[in-house]
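The chain contents come next:
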Amino acid sequence: MSTTTVRFPIEKYSQIEGARWTSCKVDDALISEEPLQIWLKHFSTPDPSPHLLATLMRTPGDDINLVRGWLYTSGLITSLAFIHTIHYMGQGRLKNTGSNQILVSVVKEATVKLAQHQRQEYVNSACGVCGQQSIEELLALLENKTTKIINEQKLLQHADICAVAEKLEGRQLLFQQTGGNHGVALFDEQLRILDVREDVGRHNALDKIIGANAGLLIAENTQAVSPPIGLILSGRVGFEMIQKAAMANIRYVLAFGAPSSLAVQLASETEIALVGFIKKHGYNVYSNPHLLKV
């Protein structure tokens, strides 16, 4: 059975106060990275047998939420209601485990945009939008989305940014063990952490949290007392991270790392306040500062 961490024997070297270097053999905890095949079965096609859609490199565990989030945020399906079932299937080719293949069945009425979003069979864990035909098609998806309106009373305050961002660090259990993975936290208007997900891939962790909280983030007419409004990212912010956040109606993306130029442009266009390089006593605001209160 796949696990989220593995033990690996290493040589550990150290030097104390100018003394000679010493070494010892220890077992180090490493974050697991394994392939996950996603197979698609569409009942409305002439051949309803499953077809290989993509192979994601990910940290095992939470796979169902990962696939749900990925299908929606990549634009392959326009509604999670199109998914009929998601379940593990068969035996995979790696390590002979039964947990590296997932079958997604969609209903006859489902619109699956395969031609517009062709993926390579192998998708690197740091990829995100690798293999998708064009950024313009993703932007077209976002233009048609209805976004949540955040009134002035619910704007995030500058003084709260560092405080809420620090809450992610104490909740990254896998990172504390391995130091080799990314984390994403979801928070609400009251600055409460609603959920934390981790993965070796940044976009995988984000897809997991979106898939797990789709009822709050994506479902229409959600009547949450304190709805989710923001994400905290442990690393840098690329275009695909902002694209996924926009698809999930997120208004604040807080990151400990740097954003790319395209991430900033997309955040500006989709009314997302993007904050990066968060330290204990400072940060950079890259887009839509009007969504922050002094």
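Residues numbered from 1 in each chain as written. Predicted model: local features only at pLDDT ≥ 70, side-chain atom pairs only at ≥ 80, totals over all residues. Heavy atoms only, no water.

Draft legend 1. Quick peek at the overall build of the protein chain. Across its full length, the protein chain holds 8 helices and 15 strands. Burial status across the protein chain gives 50% buried among its 294 residues. Here the contacts in the protein chain between residues at least 6 apart in sequence split such that 55% fall between residues at least 24 apart. Only carbon and sulfur atoms are counted for the fraction: they give 53% of the accessible area of the protein chain, which is about 14300 Å². (Helix = DSSP H or I, 4+ residues; strand = E, 2+ residues; numbered from the N terminus. Buried < 20%, exposed > 50% of the residue type's maximum accessible area, 1.4 Å probe, protein only. Contact = heavy atoms within 4.5 Å. Areas by Shrake-Rupley, 256 points an atom, 1.4 Å probe, with all protein chains shown as cover.)

Draft legend 2. Just the sheet that holds strand S11 (residues 228–233), in detail. Taken in spatial order, the 6 strands line up as S10-S9-S11-S12-S13-S14 in an open sheet, and their pairing is mixed. The two strands at the open ends of the sheet, each matched to only one other strand, are strand S10 (193–199) and strand S14 (282–285). The sheet shows a mean angle of 20 degrees between the axes of neighbouring strands, taken without regard to direction. Direction of pairing for strand S12 (residues 252–255) relative to strand S13 (residues 273–279): parallel, over a ladder of 3 bridges. Pairing of Leu254 across the sheet is with Val275, part of S13. (Pairing = 2+ DSSP bridges. Axes fitted to C-alpha atoms, helices over the stretch in contact; angles between N-to-C directions.)

Draft legend 3. Highlighting the nonpolar core. Among the nonpolar cores identified, the biggest contains 52 residues, and Leu71, Val104, Leu231 and Ile242 are the most heavily contacted of them. Per-element tally for this core: the top contributor is helix H7 (residues 239–247), with 6 residues. Each residue touching Val104, except ones within four places of it in the same chain, is listed here: Ile38, Trp39, Leu40, Lys41, Val67, Leu71, Ile83, Thr85 and Ile86. Listed in part, the 22 residues of the second largest apolar core include Val164, Ala165, Phe187 and Val196. (Core = buried A, V, L, I, M, F, W, Y, C linked by side-chain atoms within 4.5 Å.)

Draft legend 4. Seen up close, the environment of Glu169. Mapping Glu169 onto the fold places it in helix H3 (residues 158–169). Relative accessible area serves as the criterion here: at 47%, Glu169 is assigned to the partly exposed category. Aside from chain neighbours lying at most four places away, what touches Glu169 is Gln176 and Phe256.

Draft legend 5. Spatial organisation of the pattern of salt bridges. According to the stated counting rule, one finds 7 salt bridges in the structure shown. For Asp62, the salt bridge is made with Arg197, and the minimal N-O distance between the two is 2.7 Å. Separated by 135 residues along the polypeptide, Asp62 in the loop between strand S4 (51–58) and helix H1 (63–73) and Arg197 in strand S10 bring together distant segments of the chain. Across the salt bridge formed by Glu240 and Arg202, the nearest N and O atoms sit 3.3 Å from each other. Highlighted residues: Glu240 in helix H7 and Arg202 in helix H5 (residues 202–212), separated in sequence by 38 residues. Across this residue pair, the class does not change: Glu240 and Arg202 are buried. Linked by salt bridges that have partners in common, Asp62, Asp195 and Arg197 make up one network. (Salt bridge = Lys/Arg side-chain N within 4 Å of Asp/Glu carboxyl O.)

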